[in-house]
Each structure stands twice: as structure tokens, then as C-alpha cells.
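# Residue-level structural notes
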Amino acid sequence: MQSLKVLWRRRRSGLHSSLLIAHHRAFSRVSNPAAVNDCDSEVLVEGEGCSRTAILNRIHALNALNTSMAFVVLMFGRSLDPGSREIYDFEVFISGIQGARLQKLYKSWEENPDIGFVVMKGRGRAFCAGGDIVGLYKLINEGRIDDCKEFFRTVYSFIYLVGTYLKPNVAILDGITMGGGAGISIPGLFRVATDRTVFATPETLIGFHIDAGASFHLSHLPGYWGEYLALTGEKLNGPEMMACGLATHYAPSAKLPLIEEGLQKLVTDDPSVVEASLEQYGSLTFSNNNGILKRIEILDKCFSGGTVEEIIDALESETARTQDPWCSSTLKRLKEASPLSLKVCLRSIREGRFQTLDQCLVREYRMSVQGISGQISNDFVEGVRARMVEKDYAPKWNPPSLEQVSSDMVDQYFSPISELEPDLELPTKAREAFI
């Protein structure tokens, strides 16, 4: 615990002043943002004592992150005409404020000396199901690539803010936590998984690449967990997240009210005090007799292969030798994924293992723009169409096989967008990544 304090002091070295919090100070609960602006109901705020909680509140969309920040910037502050062709989807406009509001809230809380730490959670059966990929699909089909770029810039910048935050932050992952949902939580200091947690990075199944910082946090997992999760998009439960280090704490969902009550009573900015509170109400005893935890040796053996083809060959050999259903189901997942995405994601994981968080985010931004441009392949649009829009679950990948994915295609994914296209700019000089 002492080492945690030392590391935290390093992170906070840029603060202009320390918190001076008196126990007798009275804090009023933050009013419901919906009373001020209906759009703000996408992210609710609770606050008591010296903590603040951001609550993702797009229940109907599993708290998916916003689609087009550029659209919000364009339209914010002027009246909306429901009949205008410019507004193709009012819901997309409202959800766009979600990410902007998160960014604004977190920055203001960091600067407020009366706030010691922050918490993020989701309402309903999800923490956050990732980015609003159907909204991105619509923007791409309308040729609004610049709006998509602005979305990625804003989300990735917020992820970097979380990863360099100067105050303790807690993410309560009670429910579905996928893609961008992992991106806005895993870089934080504390992640609480529960018996309701479902974690996944299913990008290869929609023809995309692991993004939102995933090439960093997955590549730094023990052994070859990162390759397995990135390529298959397979789900993990709460105990499995604890086992591989994606979660720092585990507790039954029924205990969350006690955990949150304990956090609300704290008057501190000390991460070790927050950690002690989480451990007091959390649970260190859980069982997981089935699934991936029984197959770590096979996982490492198969997914240590140098190429996707070698990984598949190893799985096929294990399937023939052991008749293990896990091996055959893993093979099936790989064969459903985009061949191009598989090769791109494997390289992304391998590069991320030797990069910092900011380097991964900058590279992922390039890859995301390449992925939506259609210059290499239209797999992302096709994958979203097949799984999320028309739901025929029969994507027509291009190229259709691993053998037809050339090295040049993979290289282009990692290349600079163009000489005139700026890279993602992160405030690395002012905010050095803690992880």
C-alpha cells in the first residue's frame, strides 16, 4: 500500500495545490442534471462529501458512447429544427453530448479542490457497451468521415484523461463492459467487477480493430491473454477479469450499495484509503471452476504463435488431440471474424506490448481512420451491417480469407493517414501517462 502512495504522489506532482478537506464541511448533493438540461440526462451526476459519481444513462443503448462529437460542436447552442435534413437522428445528437459532458465533468472535478476522488458507473444492465457503432455506420454511409474522426479524437482524448487523472478514480463495472466501455474504465486506478460483469473486445467480429486503448491494456496482460481476447472477442466474467488483472476488485452485485455507501462517507484524496474501502466491502473469495481459467496453459501454447495462421494451426492440433470443446469453439470464433481484422489486431497487440498508453492511442487513431476510409477494405461497414443493422450474421469479408490478406494491406492500416492529415494530439507534456 505504501508503494501505491508513492506512485500516486508522482502522478499528482503537477497539481497546483493539495486538497485541504475538513471533516465538518457540509456538501450538498448535486442536483439532477436533467432539471437543467434534458440532454444532460445522458450522464447523470451524484455527489456527496468529497466524491462525485458520473452515471452513464443511455439505458436503451446499453450506455453506448456517443456517435459524433463534431455534430454536437456544430449544433450545440443553436435551435434544433426537427424538420431539418441536417438532423438525421435527434437521438444521435443527444448522445453526442454524453462524451463531451464526461470530458467536461472530469476536468472540472480534477480542478475542484473540494473533490477528492471520482466514480463512474452505468445504469441498467450495462456499464458501457462501447461506441455507438451503428451511429458511425450511418455517418460513414453519408460520407461524413470528418464527423467520425472527431468522434475518435474526443473519445481517445477522454481515455487519456482517465489514464492520467490526478485523483483516484473508480469504475464500477456492473454489467456489460465492451470496447470503448473498457477504454474509459481500464486505464483508471480502480476497477470493480461483479457477478454481472461481461467484458469483451469484439472488434474483429465487426471488421474493425481493437481500439480505445485496448492494444495497450490487453497487451500488458499476463501471457497471451491479450492475443486471445483481441482475436476472438470472447467474453470474460468478473472472476476472470480479476484473474488476468483487468479488474482490481471483485464483489457480488448485491454488495454494491454497501461499497458505494462506504465510498460516499470517505473524506480523502488518498488512493490507499479508497482502496481500503473497496477491499472492506468487496469479496476476495470467488470460484470459477469452468472456462478459460482451466485452460491457461493451452491458451498460452496456442496464442503464442507468430501469425494468425500459426495460432489457428495450433488450435486445430489441440482440438484433434484433446477434443476439448473450448478449442473447437475458439476456432469457430476465429473463422467468423474478418481475416483482415485478425491480422491487424495481432500486430496491434504485439506493437502495443512495447508502447505507452499515449503511443497506443495515437496509433489506434490512425488505424481507426484507415479502417473507416474504405481505402483498404469496407469490412467495418459490412460487419456492422451484418451484425447490428440487418442482422443476417453473414458478413461478406474482403478479403474473404487469411491467404488473401497481403502484408501491404496490413502495413497500410498502420501507416500515417496522409501528409496533410494530423495525428491525434494528446497533452503528453502536461499529463504524463501513469500506466
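As shown above, the structure is provided for reference.
Small disclaimer: the values here were computed from a predicted structure and weren't measured.

### Here's the deal with the pattern of salt bridges
Applying the stated rule across the entire model yields 28 salt bridges. As a salt-bridge pair, E351 and R347 come within 3.0 Å of each other at their nearest N and O atoms. In this pair, E351 and R347 both sit in helix α15 (residues 339-352), four residues apart, roughly one turn of the helix. For E351, a relative accessible area of 26% puts it in the partly exposed group. Look at R347 and you get partly exposed, because its relative accessible area is 26%. Among the ionic pairs, D423 bridges to R366, the shortest N-O distance being 2.8 Å. Placement of D423 in the segment after α18 (407-413) and of R366 in helix α16 (residues 357-373) is noted, with a sequence separation of 57 residues between them. Salt bridges sharing common partners tie together R347, E351, R363 and D411.

### Here we look at the environment of G371
Structurally, the position occupied by G371 is in helix α16. Between the C-alpha atoms of G371 and F208, which are 163 residues apart in sequence, the distance is 6.6 Å. Those residues within four positions of G371 in sequence are excluded, and the remaining contacts are F208, S377, F380 and Y413.

### Details of the sheet that holds strand β1 (residues 43-48)
A sheet is described by the order of its strands in space; here six strands give the open sequence β1-β2-β3-β5-β7-β9, paired in mixed fashion. Bordering the open sheet on either side are β1 and β9 (249-250), each of which pairs with just one other strand. Alignment of β1 against strand β2 (residues 51-56), held across six bridges, turns out to be antiparallel. Following the sheet pairing, G47 is matched in β2 by R52. The sheet contacts of helix α10 (residues 256-264) involve β1, β2, β3 (117-122) and β5 (169-173), and relative to β3 the element is tilted by about 155°. Across the sheet, helix α11 (residues 271-281) is in contact with β3, β5, β7 (190-193) and β9; its angle to β7 comes to roughly 10°.

### Topic: the layout of surface pockets
The gaps left among the atoms become clear once a water-sized probe is rolled over them. The volume enclosed by the largest pocket comes to roughly 990 Å³. Along the walls of the largest pocket sit 43 residues, with A129, G131, I133, P202 and M388 positioned nearest its centre. At the level of elements, α3 (90-111), α4 (133-141), α5 (145-163), β6 (176-178) and α17 (379-389) are the ones that each hand at least two residues to the lining of the largest pocket. Broken down by element, the residue count for the lining of the largest pocket peaks at five residues, all from α4. When grouped by side-chain class, the residues that make up the lining of the largest pocket number 24 nonpolar, eight polar and 11 charged.

### Describing the packing of aromatic side chains
A complete count under the given rule lists nine aromatic pairs for this structure. Geometrically, the ring pair formed by F152 and Y156 is tilted, given 5.8 Å between the ring centres and 45° between the ring planes. Taken together, the positions of F152 and Y156, both in helix α5 and four residues apart, correspond to about one turn of that helix. Note on accessibility: F152 and Y156 belong to one class, buried. With centroids separated by 5.7 Å and ring planes inclined at 35°, the aromatic side chains of Y228 and W326 adopt a geometry described as tilted. Of this pair, Y228 sits in helix α8 (residues 225-232) while W326 sits in helix α14 (residues 325-336), and the two are 98 residues apart along the sequence.

### Details of the pairing of β5
Counting buried residues in β5 gives five out of five residues, a clear majority hidden from the surface. Neither face of β5 is exposed, since N169, A171 and L173 on one face and V170 and I172 on the opposite face are all buried. Pairing geometry for β3 and β5, over three bridges, is parallel. Residue pairing in the sheet places M120 in a bridge with A171 of β5.

### Considerations on the pairing of β2
Burial runs high along β2: six of the six residues are buried. The two faces of β2 match: S51, T53 and I55 on one face and R52, A54 and L56 on the other face are all buried. Hairpin connection between β1 and β2: a loop of two residues separates the two successive antiparallel strands, and G49 in this loop has a positive phi of roughly 70°. Bridge count for β2 against β3 is six bridges, and the pairing is parallel. In the strand pairing of β3, L56 is matched with G122.

Rules used in this analysis
Residues numbered from 1 in each chain as written. Predicted model: local features only at pLDDT ≥ 70, side-chain atom pairs only at ≥ 80, totals over all residues. Heavy atoms only, no water. Salt bridge = Lys/Arg side-chain N within 4 Å of Asp/Glu carboxyl O. Helix = DSSP H or I, 4+ residues; strand = E, 2+ residues; numbered from the N terminus. Buried < 20%, exposed > 50% of the residue type's maximum accessible area, 1.4 Å probe, protein only. Contact = heavy atoms within 4.5 Å. Pairing = 2+ DSSP bridges. Axes fitted to C-alpha atoms, helices over the stretch in contact; angles between N-to-C directions. 1 Å grid on protein atoms, 1.4 Å probe; cavity = no way out; pocket = protein on both sides within 12 Å on 5 of 7 lines; lining within 4 Å. Points joined across faces, edges and corners; volume = space filled by probe spheres on them. Nonpolar A, V, L, I, M, F, W, Y, C, P; charged D, E, K, R; others polar. Phe/Tyr/Trp six-rings, centres within 6.5 Å; stacked < 30°, edge-to-face > 60°.

Read these as spatial facts, not as claims about activity.
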